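Structural overview
What follows is the residue order along each chain.
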There are 2 protein chains.
Amino acid sequence: MHYIGIDLGGTNIAAGIVDENGCMVVKDSVPTQKERPTEEIVDDMAALCNTLCKKSGIPMEEIRSVGVGCPGAIDDKNGIVSYCNNIPMNNYPMCEILGKKLGKRVSLSNDANAAAYGEYIKNGSGCDSFLMITLGTGVGAGLVLNGKIFSGFNGVASEAGHMTLVHDGVQCTCGKKGCWEAYASVTALLRQTKEAAENHPESSMNENIKHRSKVSGRTAFEEARNGDETAKAVVTKYCEYVADGLTSLINIIEPERVCIGGGISKEGDYLLNPVKEWVNNHEYNRYCPKTAIETAKLFNDAGIIGAALAGR
Amino acid sequence: MHYIGIDLGGTNIAAGIVDENGCMVVKDSVPTQKERPTEEIVDDMAALCNTLCKKSGIPMEEIRSVGVGCPGAIDDKNGIVSYCNNIPMNNYPMCEILGKKLGKRVSLSNDANAAAYGEYIKNGSGCDSFLMITLGTGVGAGLVLNGKIFSGFNGVASEAGHMTLVHDGVQCTCGKKGCWEAYASVTALLRQTKEAAENHPESSMNENIKHRSKVSGRTAFEEARNGDETAKAVVTKYCEYVADGLTSLINIIEPERVCIGGGISKEGDYLLNPVKEWVNNHEYNRYCPKTAIETAKLFNDAGIIGAALAGR
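Keep in mind it's a predicted model, so treat the numbers as computed, not measured.

Cut-offs and rules
- Residues numbered from 1 in each chain as written.
- Chains lettered and ligands numbered in written order.
- Predicted model: local features only at pLDDT ≥ 70, side-chain atom pairs only at ≥ 80, totals over all residues.
- Heavy atoms only, no water.
- Helix = DSSP H or I, 4+ residues; strand = E, 2+ residues; numbered from the N terminus.
- Rg over C-alpha atoms; globule rule 2.2 N^0.38 Å.
- Buried < 20%, exposed > 50% of the residue type's maximum accessible area, 1.4 Å probe, protein only.
- Contact = heavy atoms within 4.5 Å.
- Areas by Shrake-Rupley, 256 points an atom, 1.4 Å probe, with all protein chains shown as cover.
- Lys, Arg positive; Asp, Glu negative; His and termini not counted.
- Charge placed at Lys NZ, Arg CZ, Asp CG, Glu CD.
- Least-squares fit on C-alpha atoms with pLDDT ≥ 70 in both.
- Pairing = 2+ DSSP bridges.
- 1 Å grid on protein atoms, 1.4 Å probe; cavity = no way out; pocket = protein on both sides within 12 Å on 5 of 7 lines; lining within 4 Å.
- Points joined across faces, edges and corners; volume = space filled by probe spheres on them.
- Nonpolar A, V, L, I, M, F, W, Y, C, P; charged D, E, K, R; others polar.
- Axes fitted to C-alpha atoms, helices over the stretch in contact; angles between N-to-C directions.
- Core = buried A, V, L, I, M, F, W, Y, C linked by side-chain atoms within 4.5 Å.
- Buried area = accessible area lost by both parts, 1.4 Å probe.
- Salt bridge = Lys/Arg side-chain N within 4 Å of Asp/Glu carboxyl O.
- Polar contact = N/O pair within 3.5 Å; in protein donor to acceptor, adjacent residues only side chain to side chain.
- Expected span 1.5 Å × (residues − 1).
- Phe/Tyr/Trp six-rings, centres within 6.5 Å; stacked < 30°, edge-to-face > 60°.
- Lys NZ or Arg CZ within 6 Å of the ring centre and 35° of its normal.

Regarding the overall build of chain A
- The helix and strand tally for chain A stands at ten helices and 13 strands.
- In terms of overall dimensions, chain A is globule-like: its C-alpha atoms have a radius of gyration of 20 Å, near the 20 Å expected for 312 residues.
- With respect to the principal axes defined by its C-alpha atoms, chain A has extents near 65 × 50 × 35 Å.
- A total of 312 residues make up chain A; the buried ones form 59% of that total.
- A separation threshold of at least 6 residues defines the contact pool for chain A, and within that pool the share at least 24 residues apart is 62%.
- Counting only carbon and sulfur atoms, one obtains 47% of the accessible surface of chain A, whose full area is about 12,500 Å².
- Of the charged side chains in chain A, 31 are positive and 38 negative; the average position of the first set lies 2 Å away from that of the second.

A closer look at the relation of the copies chain B and chain A
- Superposing chain B onto chain A takes a rotation of 180° plus a shift of 0.0 Å along the axis, which leaves an RMSD of 0.0 Å. Look at the turn and shift together and you get a two-fold axis relating the two. Measuring from the rotation axis to each C-alpha of chain B, the shortest distance belongs to B:Val166, at 2.2 Å.
- A shared interface surface links the copies, since 100% of the contact residues of chain B are contact residues in chain A too.

Regarding the pairing of strand 2 (residues 12-19) of chain B
Residue and element names in this part refer to chain B.
- The element strand 2 is largely enclosed, with a buried count of seven among its eight residues.
- As paired elements, strand 1 (residues 2-8) and strand 2 share seven bridges and run antiparallel to each other. If you follow Ile4 over to strand 2, its bridge partner there is Ile17.
- Hairpin geometry of strand 1 and strand 2 is characterised by an intervening segment of three residues between the two adjacent antiparallel strands.
- Direction of pairing for strand 2 relative to strand 3 (residues 24-31): antiparallel, over a ladder of seven bridges. From the neighbouring strand, Gly16 faces strand 3, where its bridge partner is Lys27.
- The turn linking strand 2 back onto strand 3 is made up of four residues, and Gly22 within it adopts a positive phi angle of 85°.

Describing empty space enclosed by the protein
- Scanning all chains against the criterion turns up three cavities of 30 Å³ or more.
- Space inside the largest cavity adds up to approximately 50 Å³.
- The wall of the largest cavity is formed by A:Leu143, A:Leu145, A:Phe150, A:Ile253, B:Leu143, B:Leu145, B:Phe150, B:Ile252 and B:Ile253.
- Sorting the residues of the lining of the largest cavity by element identifies strand 10 (139-145) of chain A together with strand 10 (139-145) and helix 8 (229-253) of chain B as the ones contributing at least two each.
- Across the lining of the largest cavity, the residue classes break down as nine nonpolar, no polar and no charged.
- The computed volume of the second largest cavity comes to approximately 40 Å³.
- Lining the second largest cavity we find A:Ile252, B:Leu131, B:Ala141, B:Leu143, B:Ser158, B:Ala160, B:Leu249 and B:Ile253.
- When residues of the lining of the second largest cavity are traced back to their parent elements, those giving at least two are strand 10 and helix 8 of chain B.
- Of the residues contributing to the lining of the second largest cavity, the split by class is seven nonpolar, one polar and no charged.

Description of the environment of B:Gly103
- Within the secondary structure layout, B:Gly103 lies in the loop between helix 2 (94-102) and strand 8 (106-110).
- Classification of B:Gly103 as exposed rests on a relative accessible area of 60%.

Here we look at the sheet that holds strand 1 of chain B
Residue and element names in this part refer to chain B.
- As summarised here, the arrangement of the five strands in space is 3-2-1-4-8, forming an open sheet in which the pairing is mixed. Both edges of this open sheet fall to strand 3 and strand 8, since each of them pairs with a single strand only. Each strand of the sheet is rotated relative to its neighbour by a mean of 20°, with strand direction disregarded.
- When strand 1 meets strand 4 (residues 63-70), the two strands line up parallel, connected through five bridges. Residue Asp7 lies in a different strand from strand 4, and its bridge partner there is Gly69.
- Sitting on the sheet, helix 1 (residues 38-56) touches strand 1, strand 2, strand 3 and strand 4, and the angle it makes with strand 3 is about 145°.
- Seen against the sheet, helix 10 (residues 301-310) touches strand 1, strand 2, strand 3, strand 4 and strand 8 and runs at an angle of roughly 130° to strand 1.

Focus on the nonpolar core
- Among the nonpolar cores identified, the biggest contains 102 residues, and A:Trp180, A:Leu246, A:Ile260, B:Trp180, B:Leu246 and B:Ile260 are the most heavily contacted of them.
- Here A:Trp180 is in contact with A:Ile133, A:Val139, A:Ala160, A:Gly161, A:Met163, A:Leu165, A:Ser185, A:Tyr241, A:Val242, A:Gly245, A:Leu246 and A:Leu249, once residues within four sequence places are set aside.

Here we look at the interface of chain B and chain A
- Across the contact, 46 residues belong to chain B and 46 residues belong to chain A.
- Here chain B packs against chain A, burying approximately 4,100 Å² in sum over the two surfaces, 64% of which is carbon and sulfur.
- When the buried surface of chain B facing chain A is broken down by residue, B:Phe153, B:His167 and B:Ile252 rank first, second and third, together holding 20% of it.
- Between the two partners, chain B and chain A, sit two salt bridges.
- Put simply, A:Lys176 and B:Asp244 hold a salt bridge, and the shortest N to O gap is 4.0 Å.
- At the boundary of chain B with chain A, the tally comes to 25 residue pairs in polar contact (both at pLDDT 80 or more).
- With ten residues, helix 8 of chain B is the largest single contributor of residues to the side of chain B that touches chain A.
- A class-by-class count of the residues in the side of chain B that touches chain A yields 22 nonpolar, 14 polar and ten charged.

Overview of helix 1 (residues 38-56) of chain A
Residues and elements named next belong to chain A.
- Helix length check: helix 1 (19 residues) gives 27 Å between terminal C-alpha atoms against 27 Å at 1.5 Å per residue, within 8%.
- Elements that come into contact with the buried residues of helix 1 comprise strand 1 (2-8), strand 2 (12-19), strand 3 (24-31), strand 4 (63-70), strand 7 (89-92) and helix 2 (94-102).
- One or two positions beyond helix 1, positive phi appears at Gly57, with a value near 75°.

What to know about the pattern of salt bridges
All names here are of chain B.
- Enumeration over the complete set of coordinates arrives at 28 salt bridges over all chains.
- Residues Lys100 and Glu96 are paired through a salt bridge, measuring 3.4 Å at the closest nitrogen-oxygen approach. Here the residue Lys100 and the residue Glu96 both occupy positions in helix 2, the gap between them amounting to four residues, near one helical turn.
- The class of Lys100 is exposed, set by a relative accessible area of 65%.

With respect to the packing of aromatic side chains
- Taken as a whole and judged by the stated rule, the model has twelve aromatic pairs over all chains.
- Counting every residue linked through ring pairs, the aromatic cluster contains A:Tyr117, A:Tyr120 and A:Phe130.
- The ring of B:Phe299 is capped by B:Lys266, whose NZ or CZ atom sits 4.8 Å from the centre of that ring.

Next comes the structure, spelled out in structure tokens:
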């Protein structure tokens, strides 16, 4: 049995055909061109599904259902995009419209939830509770409880990036101050890296930033691995911000497994080990089985796989 | 159909007979005397159940099941108290031992979860997700999802009092710094009240504290209502601490309803209105249906009612 998953992003529409175990058979993408009318975007989503069938030789009749992962607030029960800033949609009945174009049952999930579900299927399956956090431009989260995406009574839960880490702290884009995202996102790491380089002009990190005239989320990690003390301090503090927020989530939810995704998770043990150590030293639970913490495995495929299988 | 609920506390064993709608038929309590052997405490729990039957005229044969709410880490699936600091227990098979004494099926819940379930049954029934927070000596929480207590994969979830509100902030009793509990508990309010009185010796609040030579969780609220500016500032900031943590929980969980319990909830609208306003102005969700926030209705009966019905 096969399923189509579509990860509708602000830049690209990525889609794939997935089997019942979450293995990707074929994938492809087209530009979203998000400024055009939504109907045209949905036409391209349908066309991409047909392209996948042709490419794989799996006829559309053998596709059991189609799932869409979409940014924004999603009414998954009714298949409606309640609102989305990134690709302008407001009360848009995605499942009905795409369903008619394809002649298939279509389901809808928030994109972060779909990615969490994809990682759950491939790497957390069978566990009672699975939390994925994504350290990217912002900090996203998705929670799978008893094998199902948890999205709150109104479809917009798991905005863990907007839990407060520092009361009255750094201004967040959401309007509140001190959100976890304002300390633990890659955007925040960039800010922390630049500030440290400016404050330590003698550091090798500052020299290299000036030399290459660019700074990324990897800069501090690279320089720390090369032994620069300024960079080491940035990485240590960044990992502490990540770990402190994660400890809060573990204290609240006690998920069986946590998976850390997003570009920065490619730092592997250099991120994971200090985060795990901090959580272990600070979590409330000292005596019961502990939450396992690991890095994501699927990266960009998670959203497609999760969207495909979440609505089965 | 009737059920017995037992709220096992560090000071008292409180118990009651409850009908299927959560109405209390009869209740009673005996001192816990927590220093004695656990077996003796459990003997008194069983004796209290028999007393309730005699008092109410409902014979034990007509009691369908018995539920116990207990502090600490609870393995509710296996009916075992994993650990408890308050009443020393470690891997104690409560359900088996009490069940044998009474000849009844016995269920076990964490006490904060049982209280949340009690409020849910009486005041949140039918809602998809119900979160109770208790502002007391500490800050407790309990979450009911789809009509069932959510306790994490290991039985110790909902320790929302130990989510960080101020990274690297005030030392908490749990070992971590900056926990919500260290800012939003009654213990924290007392500290904030004393500090403000000391810093404002001219305030009416300071005069009254000196005059009565005592300070309680109610002091700042009372003085604020009487117009003292120092007290008003304490109450405003305290409500902001409560609201900021609650906003984090709403952003993460999006429960359909939140109920605020504990002694301080008796301040009613004087607590509730500023908390609701702050949450409304700062929560991430702006466009979807919002979480309803209210104060608890059952107070001390919640734990008995919830324990009685949670294990049905």
